[in-house]
Amino acid sequence: ETAIPLERLLKQGGAAIRQATVRGIAPREQRVLLDDGEALTYDRLVVALGSETVWPPIEGLREHALAMRWWDEAVHIRRAIEESFERAARTDDPAERKRLLTIVVAGGGYTGCQLAGELSHWLPELADQHGLSLLDLTLRQIEAEKSLLSGWDARMAEKAERILRRKGVQILLESPLESLDATTMTIKGRGPLPYGVLVWAGGVKAPALLEESGFKVGAQGRAHVDEFLRAVDFPQVYIAGDCALWMEGDQPLPGTASHALRQGEYVARMLLREAQGKALARYEPAKLGLVVSLGGSDGVGTALGLPLSGLAAGVLKEGIESWYLGTIGAE
């Protein structure tokens with residue numbers, strides 16, 4: 001439902017679609033360099049390239065962990081788990097079966113918690129489909145910090161932890177991953193632990209392309225922007241979503257889908273105002289709150305400053321997703 005073909009989205013005309021990999025941006029010359037050697041010129045450029053996975057220097061991490069960032073990565077994770085369960089159903093070795101049925105989510109941020117919550121519902125169903133005992137199934141979440149959702153409201157983080165534990169997620173806090181091979185992971189202070197599939201949700205950063213192209217970058221490699229979401233020193237370039245570094249006091253605006261959606265709408269309005277010769281209006285991020293889905297109808301969050309948890313947060317999350325699908329399919 002979330003994969004919307006560009007041709008359908010832009011079927012009203014007025015936009016020429018070009019699918020290519022960008023290998024560089026030359027903002028002083030106002031050109032976008034493509035991997036086939038072609039260069040596209042522009043009057044205005046919108047950079048909304050999302051983010052990419054951060055791979056810290058942990059032995060074996062890139063070779064054996066699965067990233068959770070893009071659509072194709074999500075499909076890969078699903079298939080890897082299905083294959084692990086299929087192998088578990090075929091083996092006669094009890095220890096190997098338990099290993100194959102051990103799924104690990106490394107990371108206790110928004111993505112890690114939402115993924116663990118969804119897996120807590122799907123994995124028992126998958127085990128039933130293969131005739132596997134739930135007693136052999138382990139869903140484990142590891143986090144290097146002292147709590148999940150570090151930096152967020154402490155009460156909401158504690159509620160998220162309670163909900164996930166109630167759903168059967170084994171949560172290991174203050175447990176930084178030290179190394180990884182094809183079948184075992186080593187956590188600081190613990191011996192090797194076997195696993196079947198490990199998903200890395202340990203953080204993201206803006207594409208290195210931003211800094212390589214000469215944009216001034218800061219936290220997480222995101223580009224500094226002015227009050228109109230334009231790149232510092234390059235007013236012809238708008239930057240939105242995870243690529244944009246908008247500061248709220250001394251803290252960066254969180255790189256959430258909610259802010260990215262509204263920044264996209266804002267940039268579209270500003271492009272129209274420029275075309276009409278009107279003055280630009282300062283960008284003001286909407287502070288509607290944040291909701292973290294924890295699988296099924298559960299979640300935690302805040303809405304307009306009010307704390308939410310459990311069913312209320314889950315229902316709000318479903319409403320937000322329905323609204324999102326409605327906005328991109330409205331035309």
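What you see is a predicted model, and the numbers here were worked out from it, not measured in a lab.

(A) How the structure looks around the overall build of the protein chain. Broken down by element type, the protein chain carries 9 helices and 23 strands. Relative to the compact-globule value of 20 Å for 331 residues, the protein chain shows a C-alpha radius of gyration of 22 Å, a close match. Its C-alpha atoms put the protein chain at 70 × 50 × 40 Å along the principal axes. Buried positions account for 41% of the 331 residues belonging to the protein chain. Partitioning the intrachain contacts of the protein chain with sequence separation of at least 6 by distance along the chain shows that 57% fall at a separation of at least 24.

(B) Looking closely at the packing of helix α3 (residues 71-90) against helix α5 (residues 110-129). For the pair α3 and α5, interaxial distance at closest approach is 10 Å and the crossing angle is 35°. At the point where α3 passes α5, the crossing takes the right-handed sense. Contact residues: Arg78, Ile81, Glu82 and Phe85 in α3; Leu119, Trp122, Leu123, Leu126 and Ala127 in α5. Here the contact of α3 with α5 is composed, by residue class, of 7 nonpolar, no polar and 2 charged.

(C) Geometry of the nonpolar core. Ile81, Phe85, Leu119, Leu123 and Val300 are the most contacted members of the largest nonpolar core, which totals 37 residues. Of all the secondary structure elements, the ones that give two or more residues to this core are α3, β7 (102-106), α5, α6 (154-166), β9 (169-172), β13 (197-200) and β21 (289-293). Per-element tally for this core: the top contributor is α5, with 8 residues. Every residue in contact with Leu119, bar those within four places of it in the chain, is listed here: Ile81, Ile103, Val105, Pro124 and Leu139. If you look at the next biggest cluster of nonpolar residues, it comprises 29 residues, including Val32, Phe234, Leu253 and Val267.

(D) Local environment of empty space enclosed by the protein. A full pass over the atoms with the stated rule returns 1 cavity of 30 Å³ or more. Here the largest cavity is characterised by a volume of approximately 30 Å³. Surrounding the largest cavity, Arg222, Gly241, Asp242, Ala244, Leu253, Pro254, Gly255, Thr256, His259, Ala260 and Gln263 form its lining. In terms of residue count, the dominant contributor to the lining of the largest cavity is helix α8 (residues 257-275) (3 residues). Of the residues in the lining of the largest cavity, the class split is 4 nonpolar, 5 polar and 2 charged.

(E) Spotlight on the layout of surface pockets. Size it by volume and the second largest pocket reaches roughly 190 Å³. As for the second largest pocket, its lining consists of 14 residues, of which His64, Ala80, Ala182, Gly196 and Val197 are closest to the centre. Elements with a minimum of two residues in the lining of the second largest pocket: α3, α4 (94-100) and β13. If one sorts the elements of the lining of the second largest pocket by residue count, α3 sits on top with 5 residues. Among the residues making up the lining of the second largest pocket, the classes are represented as 7 nonpolar, 4 polar and 3 charged.

(F) Region of the structure containing the side chain of Thr102. Residue position: Thr102 is located in strand β7. Each residue touching Thr102, except ones within four places of it in the same chain, is listed here: Thr138, Arg140, Pro194, Tyr195, Gly196 and Val197.

(G) Layout of the sheet that holds strand β22 (residues 299-303). Taking strand neighbours across the sheet as the criterion, the 3 strands line up as β21-β22-β23 in an open arrangement whose pairing is antiparallel. The strands lining the two open edges of the sheet, one partner per strand, are β21 and β23 (306-309). Going across the sheet, the axis of each strand differs from the next one's by a mean of 15°, ignoring polarity. Pairing between β22 and β23: 4 bridges, direction antiparallel. Its bridge partner being in β23, Gly301 is matched across the sheet by Leu308. Sitting on the sheet, α6 is in contact with β22 and β23, with an inclination near 160° to β22.

(H) Looking closely at the environment of Ser293. Examined against the element boundaries, Ser293 turns out to sit in strand β21. Classification of Ser293 as buried rests on a relative accessible area of 10%. In the structure, Ser293 is positioned 260 residues away from Leu33 in sequence and 38 Å away in space, judged by C-alpha atoms. In contact with Ser293, not counting residues within four places along its chain, are Cys113, Gln114, Glu118, Asp298, Gly299 and Lys317.

(I) Just a nonpolar patch on the surface, in detail. A cluster of nonpolar side chains, namely Leu6, Leu9, Leu10 and Ile17, defines an oily patch on the protein surface of about 320 Å² accessible area. Topologically, Leu10 is positioned in the loop between α1 (6-9) and β1 (22-26).

(J) Up close: the environment of Val267. Positionally, Val267 belongs in helix α8. Among the residues examined, Val267 registers a relative accessible area of 3% and is labelled buried. A sequence separation of 29 residues divides Val267 from Tyr238, and the C-alpha atoms of the two residues are 7.1 Å apart. Setting aside anything within four residues of it in sequence, one finds Val267 in contact with Val46, Leu229, Tyr238 and Ala240.

Rules and cut-offs
Throughout, a residue's number is its position along its own chain's written sequence, starting from 1. Residues qualify for local features only when their pLDDT is at least 70, as the model is predicted, and side-chain atom pairs are given and counted only at 80 or more; totals for whole chains, interfaces and linings, by contrast, use all residues. Water and hydrogen atoms were dropped before computing side-chain values, which therefore reflect all heavy atoms in the structure. For helices the rule is a DSSP run of H or I covering at least 4 residues; for strands it is a run of E covering at least 2, with both sets numbered from the N terminus onward. With the radius of gyration taken over C-alpha atoms, the globule rule is written as 2.2 Å times the number of residues to the power 0.38. Throughout this description, buried means an accessible area under 20% of the type-specific maximum (1.4 Å probe, protein chains only), exposed means over 50%, and partly exposed covers the range between. The contact rule is simple, with two residues in contact once any of their heavy atoms fall within 4.5 Å. Only the stretch in contact is used when a helix axis is fitted, and all axes are lines through C-alpha atoms; the angle between N-to-C directions ranges over 0 to 180 degrees. Definitions for this section: a left-handed crossing has its near helix turned counterclockwise from the far helix by less than a right angle. A right-handed crossing has that turn clockwise. Under the grouping applied here, Gly and all other residues not named as nonpolar or charged are polar, the nonpolar ones being Ala, Val, Leu, Ile, Met, Phe, Trp, Tyr, Cys and Pro and the charged ones Asp, Glu, Lys and Arg. The definition of a nonpolar core used throughout is a set of buried Ala, Val, Leu, Ile, Met, Phe, Trp, Tyr and Cys residues joined through side-chain atoms within 4.5 Å. Cavities and pockets were defined on a 1 Å grid built from protein atoms only: a cavity is a group of points that admits a 1.4 Å probe but offers it no way out, a pocket is an open group of points flanked by protein on both sides within 12 Å along at least five of seven lines, and a lining residue is one with an atom within 4 Å of any such point. Grid points are joined across faces, edges and corners, and a volume is the space filled by probe spheres set on the points. Paired strands, as defined in this entry, are two strands with at least two bridges between them according to DSSP. Only residues whose relative accessible area exceeds 30% and that form no salt bridge are eligible for patches; like-charged ones are grouped when within 9 Å, while nonpolar side chains (Val, Leu, Ile, Met, Phe, Trp, Tyr) are grouped when within 5 Å. Methods summary: accessible areas were calculated by the Shrake-Rupley approach with a probe of 1.4 Å, and residue burial reflects only the protein chains presented. The rule for a salt bridge is simple: a side-chain nitrogen of Lys or Arg has to be within 4 Å of a carboxyl oxygen of Asp or Glu.

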